[in-house]
Amino acid sequence: MAAIAPVGPRARRSTPPRRAGSPRGIQRGEAAAGWLFVSPVIVILGVFMLVPVVMALWVSVSDWGGRGSPLSSDVSFIGLQNYAAVTTEGGLATRDFGIALRNNAWYVLLVVPLQTALSLFLALLVNRAILRGRGFFRTAFYFPSVTSSVAITVLWLFLFSSSGVVNEVLSWIGVTGPNWFNDPGGILHNALAAVGITQGPAALTDGGVLGVSWWDWLAGPSVAMSAFILMAVFTTSGTFMLLFLAGLQNIGAETEEAAMVDGASGWQRFWRVTLPQLKPVLFTVLTLGLIGTWQVFDQIYTGTQGGPSKTTLTPAYLSYQAAFGSQDWGQGAAIAFMLFAIIVFFTIVQRIVLRDRPVSARRARQYQVRTDRRRQP
Amino acid sequence: MTAFAASPRTRRRLSRRALTGQIALYTLLIVIALIYIFPFLVQVATSFKTEADAATDPISLIPSPVSWAAYERLFAFSDFPVWFANSAVVTVFVTLGRVFFNSLAGYALARLRFRGRGIVFAALIAVMAVPTVVLLIPKFLVINQLGIYDSYAGMILPLLVDAAGVFIMKNFFESIPVAVEEQARIDGAGTFRIFWSVVLPMARPALITIVILSFQGSWNELSHFIVSTQSPELTTLTKGVASLASGQLSQGTQYPIKLAAAAIMTIPVAVMFFIFQRRIMNASEGAVKE
């Protein structure tokens, strides 16, 4: 086993081999410097993120009503009541949470793959050294990312208004565009309605979770939410393109050239040579994408406030609304924590899926045999 | 080169294929670029339109008549200049802090060996996953407890570092060959000196990314300012324009005013980007080769 232990670029990169002769003094100094270097980050994140998280956890299991300190003695522990109200009690709070989850799940399902693929595609296009005007193209693609979500939402409300730019363009090809931000129809339901199916089978309409029937879970994002989905892809692809570009610049042209000389096609070079080396960036992009898309807030706050018919309600906005709007601080915190759990869950799943796989046992045996044989004579 | 100088016929066929490819590539790029730029042209054009013109002809890039009413309204009848100044102050401090602290931490996590490094890194990943909305309620409480509610300190301090930035820096430092540092170490440089004078200058592309992201991040931050301030004198552009969007200044849709506000809000961050855009190009050429 020892013979194959240090294979894989990852092992080499993340833990550089310890220099054999380094004296102990340097190591101790290095440890002190290490802690010193990370301390500002630890202190600020500790005070403004960790402590608040612990406090929010307490608020989510207490009956704090927003007055005074949540740590005062007249605030009492009520267990999981706040969590139950939004998950199992079946009232309005449960249904709102279910709808918000449904809306956000569709948003994530469409935005994450689209933004990742598009940003990688754009990065590959503008990374060519011989491309004329690549500065111009990079600027063009990155420009939407520099705009604040508030500003871009204002613009989007105008572009997608019933007599706006998008509908005018659609009318050129004979399509009558919807009244985007006022249309609560789910796009899959709309597509089914176009072929005459307006009612789901009883199996789907009778059952459901969180106060939302299976049929409604499968409605797809509403037309209004679709406008937000397009906006997300439009605004994030530039940022992620930059990350991919930084990654591409780290890849030496030599490997690419070697593959070219070996006769690899463009697709093979991308799939077998470029993409594996981009894996750390890909991981960053997918992680940031997943985390970002599960917390849609600014757009909803600025634009639709959850409407029409709650089809742009997201857990993030619902949590804010419950706490600061309806003064249900406990429920707001509970929703926030469930959202937290969802994000952590998906991040972990993704980490497992995208990790560097260890060499399989069968492959390992092959290597073992070969090295043994080489040693024998 | 000699390998490619085969018969003239192959050469011509190759170049014609290459030419078709080039044309297709540029057509594709130009179409995509148009899609990305056009909304902003519409935005600027509409901000100079009258409301009636904006409603009847939304797609035209030439306002008729040209109207300054939206800008007049913004500067004469709102706190727009105050919002702008507040966003500027916060953004400058946050960006400086993040560039320094994020790269320090990123370097330590990538290169320095200390007990607990793995735990610190795992904690950072966990922190990255904390949704900002989880923090809205209690962040207000902590800021209040520290006596910095409704002050610049309350607006700036919590934003001074970000886990995602540390993550980006760490990834980048790991890609720099260790040999460079070993040379400096042999020459007797201390850890901070190696970081500051050797490794940091090599990390220019990543640093530029951090500058762009944190400038953008703090200029565009909304939810943090919602919970950390209340007084009108501390309102930032995001908070102000969001209130505009919900129609606080005016009746009707008033798209020209809203789009004018959004356009001005975009200018500083766009200028910032154009400055650094040049450096992104230069950085890739100036990188140290092995």
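You'll find the structure just up there.
As a starting point, this report considers the structure included with it. (Residues numbered from 1 in each chain as written. Chains lettered and ligands numbered in written order. Predicted model: local features only at pLDDT ≥ 70, side-chain atom pairs only at ≥ 80, totals over all residues. Heavy atoms only, no water.)

Turning our attention to the interface of chain B and chain A. Across the boundary between the two partners, chain B contributes 103 residues, which contact 98 residues of chain A. Buried surface at the junction of chain B and chain A, summed over both partners, amounts to about 8800 Å²; 78% is from carbon and sulfur atoms. Broken down residue by residue, the surface that chain B buries against chain A is led by Tyr36, Arg113 and Ile137 of chain B, which jointly contribute 9%. In this structure, the connection of chain B to chain A is made through one salt bridge. A salt bridge links Arg113 of chain B to Glu30 of chain A; the nearest nitrogen and oxygen atoms lie 3.6 Å apart. The interface formed by chain B and chain A includes eight residue pairs in polar contact (both at pLDDT 80 or more). (Contact = heavy atoms within 4.5 Å. Buried area = accessible area lost by both parts, 1.4 Å probe. Salt bridge = Lys/Arg side-chain N within 4 Å of Asp/Glu carboxyl O. Polar contact = N/O pair within 3.5 Å; in protein donor to acceptor, adjacent residues only side chain to side chain.)

Attention now goes to the packing of helix 5 (residues 134-146) of chain A against helix 11 (residues 204-220) of chain B. Where helix 5 of chain A meets helix 11 of chain B, the closest approach of the two axes is 10 Å, and the angle between their N-to-C directions is 35°. Contact with helix 5 of chain A, carried on its side by Tyr142, Ser145 and Val146 of chain A, involves Ile212, Leu213, Gln216 and Asn220 of chain B of helix 11 of chain B and no other residues of that element. Partitioning the contact of helix 5 of chain A with helix 11 of chain B into residue classes produces four nonpolar, three polar and no charged. (Axes fitted to C-alpha atoms, helices over the stretch in contact; angles between N-to-C directions. Helix = DSSP H or I, 4+ residues; strand = E, 2+ residues; numbered from the N terminus. Nonpolar A, V, L, I, M, F, W, Y, C, P; charged D, E, K, R; others polar.)

The next point concerns the packing of aromatic side chains. Applying the stated criterion across every chain, the model contains 48 aromatic pairs over all chains. For the ring pair Trp58 of chain A and Phe77 of chain A, a centre distance of 6.4 Å and an interplane angle of 15° mean the geometry is stacked. Taken together, the residues Trp58 of chain A in helix 2 (residues 24-60) and Phe77 of chain A in the loop between helix 2 and helix 3 (81-87) connect sequence positions 19 residues apart. In this structure Trp58 of chain A comes out as partly exposed when scored by relative accessible area, which is 25%. Taking 4.8 Å as the distance between ring centres and 90° as the angle between the ring planes, the aromatic pair formed by Phe143 of chain A and Phe40 of chain B counts as edge-to-face. With Phe143 of chain A in helix 5 and Phe40 of chain B in helix 1 (residues 8-47), this pair bridges two chains. Of the aromatic side chains, those joined through ring pairs into one cluster are Phe136, Phe137, Phe141, Phe143, Trp156, Phe160, Trp180, Phe181, Phe228 and Phe234 of chain A together with Tyr36 and Phe40 of chain B. Above the ring of Phe121 of chain B, the side-chain terminus of Lys170 of chain B is found at 4.1 Å from the ring centroid. We note Lys258 of chain B situated over the ring of Tyr255 of chain B; from NZ or CZ to the ring centre the distance is 5.5 Å. (Phe/Tyr/Trp six-rings, centres within 6.5 Å; stacked < 30°, edge-to-face > 60°. Buried < 20%, exposed > 50% of the residue type's maximum accessible area, 1.4 Å probe, protein only. Lys NZ or Arg CZ within 6 Å of the ring centre and 35° of its normal.)

The next subject is the packing of helix 16 (residues 315-325) of chain A against helix 17 (residues 329-354) of chain A. All names here are of chain A. Two elements in contact, helix 16 and helix 17, have axes whose closest approach is 7 Å; the angle formed by their N-to-C orientations is 160°. With respect to their mutual orientation, helix 16 and helix 17 come out roughly antiparallel. Between helix 16 and helix 17 lies a crossing of left-handed hand. Across the interface between the two elements, Pro315, Ala316, Leu318, Ser319, Ala322, Ala323 and Phe324 of helix 16 pack against Trp329, Gly332, Ile335, Ala336 and Leu339 of helix 17. Of the residues belonging to the contact of helix 16 with helix 17, the class tally is ten nonpolar, two polar and no charged. (Parallel < 35°, antiparallel > 145°, perpendicular 65-115°, else oblique. Left-handed = near helix turned anticlockwise from the far one by under 90°.)

With that out of the way, let us pick up the side chain of Asp96 of chain A. Its location among the elements puts Asp96 of chain A in helix 4 (residues 92-126). When sequence neighbours within four positions are dropped, the list of residues in contact with Asp96 of chain A reads Lys310, Leu313 and Leu318 of chain A.

This paragraph deals with a nonpolar patch on the surface. Residue and element names in this part refer to chain B. Side chains of Val89, Val92, Phe93, Leu96 and Tyr152 sit close together on the surface and give an oily, nonpolar patch of about 460 Å² of accessible area. Of the residues forming the nonpolar patch, the biggest block, four residues, is contributed by helix 4 (residues 80-111). Along the chain, the position of Phe93 falls in helix 4. (Patch = residues over 30% accessible without salt bridge, like charges linked within 9 Å, V, L, I, M, F, W, Y side chains within 5 Å. Areas by Shrake-Rupley, 256 points an atom, 1.4 Å probe, with all protein chains shown as cover.)

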